[in-house]
Amino acid sequence: MIQYNPKDWITFIFRFHKSDTFRKLIPMMIFIGFYSGGVAYLELEYWNLSENSRVKNLTIMHTTVGFVLSLLLAYRTNTAYDRWWEGRKLWGGLVNNSRNLALKLSAFLKDENDRHYFSKVIPAYASVLSKHLRNEEVGQMLFEGLDLTIDQHKHRPNQVAKMLFQKANDLYVSGKISGNQFYIINAELQSFTEICGACERIKNTPIPYSYSSFIKKFIFFFVMTLPFGFVFNLGYYVIPVVIFIFYVLASLELIAEEIEDPFGSDANDLPMTKIAANIKKHVEELL
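Not measured: the values here are computed from a predicted model.

The rules we used
- Residues numbered from 1 in each chain as written.
- Predicted model: local features only at pLDDT ≥ 70, side-chain atom pairs only at ≥ 80, totals over all residues.
- Heavy atoms only, no water.
- Helix = DSSP H or I, 4+ residues; strand = E, 2+ residues; numbered from the N terminus.
- Buried < 20%, exposed > 50% of the residue type's maximum accessible area, 1.4 Å probe, protein only.
- Contact = heavy atoms within 4.5 Å.
- pLDDT = per-residue confidence, 0-100.
- Expected span 1.5 Å × (residues − 1).
- Bend = angle between axes of the 7 residues up to and from the residue.
- Core = buried A, V, L, I, M, F, W, Y, C linked by side-chain atoms within 4.5 Å.
- Polar contact = N/O pair within 3.5 Å; in protein donor to acceptor, adjacent residues only side chain to side chain.
- Salt bridge = Lys/Arg side-chain N within 4 Å of Asp/Glu carboxyl O.
- Disulfide = S-S within 2.5 Å.

S.K.: Please explain the overall build of the protein chain as it appears in this structure.
M.R.: Looking only at helices and strands, the protein chain features 9 helices and 0 strands. In the protein chain, the succession of α and β elements from N to C terminus is α-α-α-α-α-α-α-α-α. The buried share of the protein chain, taken over its 287 residues, is 41%. Taking all contacts inside the protein chain whose residues are at least 6 apart in sequence as the whole, residues at least 24 apart take part in 77%.

Here is the structure:
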């Protein structure tokens, strides 16, 4: 995730990073420029259309349809941001629940081996979940000092959650924690799977294809018709104007596409690796 100072306007305006929408749209912007120039040449030089041509009235359509397009893009961006923010809240909940579980276990457990077990497996859940959401392989190095393996062909976060619950049950059966203490930590143990399920719901339920496809087509045909009406008022200045309008509209759609899946590896996706590292640091401090 990109770290930045929101008050530094100059940096925002003149800085272009590899995931910036301007870089991604350069080929299409060049095409739009040549296309707009071609339309302007045909209308002004080749066809020699007059100011009274009915083609000039196309701007009325753009005014009406542009309002509808702005509403669609606003809804699209808000929906994508809601998914991103919900993912961040889920990972914030995982941080808090991991700390709470470690706090309670640090008070309940006296055996150093048990404390060591939980100090490794609790952070491992966050690490495994981040790799699971990114479809990455999970190695045994996540479990330093413990002889534990993860079956890559089964649900990996569930395997770690099972280890945690099984260990907690063994502590209860052996009398190291009481029934009330087992009940107290059950909420945190259960929350891990609930957070995982909510993250999978976001990841596996993208914006409907027909909706996303319609917006892209809407933007394309809207921009393609802009030069025909605007050329009478702007002349060849229609080229930079249409390019700028396309850049604004297409950028909103690209931003929505990037943040609607907050668990990927894009520059603006959630820093799950960093969050998992913080969980590991804090849990090891407590246990």
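Having seen it, we continue.
S.K.: Looking at this structure, I do not really get the confidence of the model for the protein chain. What am I missing?
M.R.: Parts of the prediction with low pLDDT should not have their coordinates interpreted in detail. Averaged over every residue, the pLDDT of the protein chain is 86; the share at 70 or more is 88%. When mean pLDDT is compared element by element in the protein chain, helix α6 (residues 179-204) scores highest at 93, while helix α1 (residues 9-14) scores lowest at 62.

S.K.: Explanation requested: α6 in the structure shown.
M.R.: In this model, α6 (26 residues) spans 38 Å end to end at C-alpha, consistent with the 38 Å of a helix rising 1.5 Å per residue. The axis of α6 is deflected most strongly, by about 35°, at Ile185. Buried residues along α6 sit in contact with α3 (58-108), α4 (112-133) and α5 (156-173).

S.K.: Mind showing me how you'd approach the nonpolar core here?
M.R.: Nonpolar side chains tend to gather and get buried jointly when the protein is soluble and globular. Membership of the largest hydrophobic core comes to 47 residues, with the highest contact counts inside it found for Trp91, Leu94, Phe118, Ile122 and Ile185. Where this core is concerned, the elements lending two or more residues are α3, α4, α5, α6, α8 (238-259) and α9 (272-286). Once residues within four sequence positions are removed from consideration, Ile122 is found in contact with Ser98, Leu101, Ala102, Leu105, Leu164, Phe192, Val283 and Leu287. One finds Met29, Leu69, Ile215 and Ile243 within the second-largest nonpolar core, a separate group that totals 22 residues.

S.K.: Would you explain α3 in this entry?
M.R.: Note: α-helices contain 3.6 residues per turn, so residues at a spacing of three or four share the same orientation. Between its first and last C-alpha atoms α3 spans 74 Å; for 51 residues at 1.5 Å apiece the expected length is 75 Å, and the two agree. Maximum bend of α3: about 25°, positioned at Val65.

S.K.: Looking at this structure, I do not really get the side chain of Ser130. What am I missing?
M.R.: Secondary-structure assignment places Ser130 in helix α4. Ser130 sits in the buried class, given a relative accessible area of 6%. The residues touching Ser130, leaving out its near neighbours within four places in the chain, are Trp91 and Met272.

S.K.: Would you mind showing me how to read the side chain of Ser251 here?
M.R.: Assignment of secondary structure puts Ser251 in helix α8. Residue classification places Ser251 among the buried positions, given a relative accessible area of 7%. At 3.2 Å, the side chain of Ser251 and the side chain of Thr21 are in polar contact. Sequence-distant contacts of Ser251, that is, excluding residues within four places in its chain, are made with Thr21, Leu25 and Phe246.

S.K.: Looking at this structure, I do not really get the pattern of salt bridges. What am I missing?
M.R.: Working definition: two side chains of opposite charge can pair if their charged atoms are close together. Scanning the model with the defined rule gives 11 salt bridges in all. Residue Glu253 pairs with Arg76 through a salt bridge whose shortest N-O separation is 3.3 Å. Of this pair, Glu253 sits in helix α8 while Arg76 sits in helix α3, placing them 177 residues apart in sequence. Grouping residues by exposure puts Glu253 and Arg76 together as buried. For Glu260, the salt bridge identified is with Arg76, shortest N-O distance 3.0 Å. With a gap of 184 residues between them, Glu260 in the loop between α8 and α9 and Arg76 in helix α3 connect regions that are remote in the sequence. A relative accessible area of 14% means that Glu260 is categorised as buried. Taken together, the shared-partner salt bridges connect Arg76, Lys216, Glu253, Glu257 and Glu260 into one network.

S.K.: Even after reading the chapter, I still don't get unusual backbone geometry, so can you show me in this structure?
M.R.: It is generally the case that most residues other than glycine have a negative phi and that most peptide bonds are trans. Even without being a glycine, Asn135 presents a positive backbone phi close to 60°. Tracing the backbone shows Asn135 in the loop between α4 and α5.

S.K.: Got a minute to help me understand the state of the cysteines in this structure?
M.R.: Should the sulfur atoms of two cysteines be covalently bonded, the bond is a disulfide. Summed over the entire model, instances satisfying the criterion amount to 0 disulfides. Between Cys196, a free cysteine, and Cys199, which holds the nearest cysteine sulfur, the sulfur-to-sulfur gap is 6.9 Å. With relative accessibility at 2%, the residue Cys196 sits in the buried group.

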